[in-house]
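Examining the three-dimensional arrangement
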Amino acid sequence: MHSQALLREDPELSAVFDRLQQLDSSGQRFAAVLRDTIDQLLNGEVTGRYDWKTLFKTEKTHAGTVVEINLQREFRFDDGDAMDYQIAGFDVDCKYSQQFGGWMIPPEAMGHLCLLVWADDYKSRWSAGLLRITPEWLNTGNNRDLKLTVKAEHRNKILWLWHDAELPENVLLHMAPADRQAVFAPTSGQARLNELFRRAQKRRIGRNVIRTVAQQKDYMKRVRGNGGSRSALRDEGILIMGDYESHRRIAEQLEIPVPREGEFVSARVYEVPSGQTERASVLLDGRHWACALADEPATHAPTLPAHTK
């Protein structure tokens, strides 16, 4: 069913859709909640885990509830009368599934609006959409609590807010096995972080990845200068940019992924002649620097802007 038809036929659906779009037109806040929720369940700082498959069955079962809670905290949804939330004055239930289409709809949601959420850490994708729960659109249930799923042929009735959008990458999960093994090999948390920034260059690395690798309470200190990875890797020509505006501008000029809030991006740089225009470069310490090519030797990296160390 065409989205415009869905909006015309259901004013409540339209009002909730508009409100959610106002709250997060890009979907970045929603995606950040899903990333943080998965990382919260993995609890890498304590457990060292980075893979959804390593969660206990009870943790996976609990995931939907944690998603619901974290979305409500982020967007400050009011409690619903009969459902989880009240959005734009209307009751909305929230259902999360790690398997697309696996949302379990309870009998009490019949006739109500549902916010259907899916995120897959292996695909680094997520979706969220609204559906008015109607009996004929659901599969017949055979479980004890009578929960139903949406028939595949009726998923076109879902009004997508964001569909198959990019989920911030779980870098540890998607690293080559040999690189991941090398990262976790050192006994020192600082040495593990140094190896991470060596091997995961030009990729956004979130704080939860830092926590998981460092497994130390002062994990952020281990990234910065004055003894952290930023100073330890300078002799190898590696810059570590954070989410400061000045660092983001450097990443933009180097044409590499720009760190978002709570993220870092590392890259090995090499001094290039000022007139060399075929390579994206940045001016630091009065010299021009570009991302190093494989055959260019390691040189001491320039200094990042002093006020952002």
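Structure shown above.
Summary of the structure given here. (Residues numbered from 1 in each chain as written. Predicted model: local features only at pLDDT ≥ 70, side-chain atom pairs only at ≥ 80, totals over all residues. Heavy atoms only, no water.)

Right, let's talk about the nonpolar core for a bit. Formed by 39 residues in total, the largest nonpolar core has its most connected members in Leu-20, Phe-30, Leu-34, Leu-71, Leu-115, Val-117 and Trp-126. Tallying contributions element by element places helix α3 (residues 28–42) first for this core, with 7 residues. Setting aside chain neighbours within four positions, we find Leu-34 in contact with Val-67, Tyr-96, Val-117, Ala-119, Trp-126 and Leu-167. (Core = buried A, V, L, I, M, F, W, Y, C linked by side-chain atoms within 4.5 Å. Buried < 20%, exposed > 50% of the residue type's maximum accessible area, 1.4 Å probe, protein only. Helix = DSSP H or I, 4+ residues; strand = E, 2+ residues; numbered from the N terminus. Contact = heavy atoms within 4.5 Å.)

Our focus in this paragraph is the packing of aromatic side chains. In total, this model carries 12 aromatic pairs according to the counting rule given. Geometrically, the ring pair formed by Phe-30 and Trp-162 is tilted, given 5.1 Å between the ring centres and 45 degrees between the ring planes. Of the two residues, Phe-30 sits in helix α3 while Trp-162 sits in strand β6 (residues 159–166), which places them 132 residues apart along the sequence. A centroid spacing of 6.0 Å and a plane angle of 20 degrees characterise the contact between Tyr-50 and Phe-184, whose relative ring orientation is stacked. Here the residue Tyr-50 occupies a position in the loop between α4 (44–47) and α5 (57–75), and Phe-184 occupies one in helix α7 (residues 177–184), the gap between them amounting to 134 residues. Here Lys-53 stacks its cationic end above the ring of Tyr-122, 5.1 Å away from the centre of that ring. (Phe/Tyr/Trp six-rings, centres within 6.5 Å; stacked < 30°, edge-to-face > 60°. Lys NZ or Arg CZ within 6 Å of the ring centre and 35° of its normal.)

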